[in-house]
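# Overview (structure and organization)
So you can see what is in the structure, the chains are spelled out below.
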Amino acid sequence: MAIAMTGRLTVPGATLYYEVRGNGPMLLIAQSGEGDADRSSDLADQLADTYTVITYDRRGLSRSILDDPSRGVSMIEHADDVHRLLAELTDRPALMLGCSLGAVIGLHLAVRHPGQISTLIAHEPVAPGLLPEGERTHHEAELAAIQQLYRGEGLAPALKVIAEVLGIDPAGPDAEPGLTPQPMTAGRIANFGFFIEHDFTAVIGDALPVTELAGTPTRIVPATGRTTPRTVFDYRCAQELAALLGTELAEFPGGHNGNTTHPRAYAAQLRQILRNA
């Protein structure tokens with residue numbers, strides 16, 4: 001296990017917690033869902049012999065505290081946080097792995113701060129704006145319905161529907177052995193609450209500048225999980241991103257959460273793709 005250096009960075013409206021481990025080119029991992037820096041630890045440890053790996057808690061999660069806890073968040077703010085974090089740690093273009101919501105953050109960063117990331121692996125971005133209008137409005141309504149379900153019936157029913165929307169099979173997860181346990185602690189429950197209440201709203205209201213993505217100097221690699229069903233929301237977003245960029249989809253082990261369920265195989269595929277950058 002690589003030893004991580006921890007730090008905090010004050011940004012507009014929040015204080016970010018981050019970790020840095022390893023040696024080599026700088027690689028930032030933007031996690032999905034309720035995932036904080038801890039959710040990336042298995043993958044980061046696999047990569048630390050090749051890269052200087054940055055992981056962090058998104059604003060509102062775990063140790064990244066909002067100045068006003070009642071306030072929401074936008075995708076632009078999430079991208080600005082990563083911009084400021086990278087600017088604090090390096091003056092050179094960095095590599096980035098963005099998973100799900102983290103991939104959308106990376107897409108915003110590629111447009112708004114050209115040249116700050118040299119390569120972005122965008123694994124199944126949850127970006128309705130990438131989809132044709134009918135699909136987009138359907139999935140935005142789907143996310144809003146999950147929010148209402150969470151408010152009315154609680155976390156367990158909401159997580160069941162989230163898994164269905166993203167093509168995740170919680171009853172039979174395929175995973176590598178020896179993973180760090182991720183119990184449903186009070187902190188993780190709180191993170192899920194923030195994710196559903198505030199990050200869902202950010203995704204629904206997001207105005208991703210889709211038409212500008214093809215012109216960014218960042219090399220964007222749309223990616224999917226090998227076991228993600230081909231018809232679900234997140235796969236379709238990656239598929240449309242690849243079509244927009246005129247490139248092929250990269251395939252990673254596992255499904256939507258392959259970065260956490262298959263960290264060894266995922267790291268090997270990530271190295272291969274970045275080696276060809």
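As shown above, the structure is provided for reference.
In this report, we go over the structure that sits alongside the text. Only a predicted model underlies this, so the values are computations on that prediction, with no experimental measurement involved.

Turning next to the pattern of salt bridges. Inspection of the entire model under this criterion finds 19 salt bridges. A salt bridge links Arg58 to Asp199; the shortest N-O distance between them is 2.9 Å. Note that Arg58 is positioned in the loop between strand S4 (52–56) and strand S5 (65–66) and Asp199 in helix H6 (residues 186–204), a separation of 141 residues in sequence. Across the pair, Asp199 and Arg58 agree in class, each one buried. The partner of Asp81 in a salt bridge is Arg59, and the shortest N-O contact between them spans 2.7 Å. Placement of the pair is Asp81 in helix H2 (residues 75–89) and Arg59 in the loop between S4 and S5, with a sequence separation of 22 residues. Classification of Asp81 by relative accessible area gives buried; the value is 1%. You can call Arg59 buried: its relative accessible area is 2%.

Before going further, it helps to spend a moment on unusual backbone geometry. Phi is positive for Ser100, which is not a glycine, with a value near 60°. Here Ser100 is to be found in the loop between strand S6 (94–99) and helix H3 (101–112). Phi is positive for Glu124, close to 45°, though the residue is something other than glycine. With respect to the helices, strands and loops of the structure, Glu124 is situated in the loop between strand S7 (117–123) and helix H4 (133–153).

Attention now moves to the nonpolar core. The biggest cluster of nonpolar side chains holds 57 residues, and the ones touching the most others in it are Leu28 and Leu130. When residues of this core are assigned to their parent elements, the largest contribution, eight residues, is made by H3. Once residues within four sequence positions are removed from consideration, Leu28 is found in contact with Ile54, Tyr56, Val82, Leu85, Leu86, Leu95, Met96 and Leu97.

Calculation notes
Residues numbered from 1 in each chain as written. Predicted model: local features only at pLDDT ≥ 70, side-chain atom pairs only at ≥ 80, totals over all residues. Heavy atoms only, no water. Salt bridge = Lys/Arg side-chain N within 4 Å of Asp/Glu carboxyl O. Helix = DSSP H or I, 4+ residues; strand = E, 2+ residues; numbered from the N terminus. Buried < 20%, exposed > 50% of the residue type's maximum accessible area, 1.4 Å probe, protein only. Core = buried A, V, L, I, M, F, W, Y, C linked by side-chain atoms within 4.5 Å. Contact = heavy atoms within 4.5 Å.

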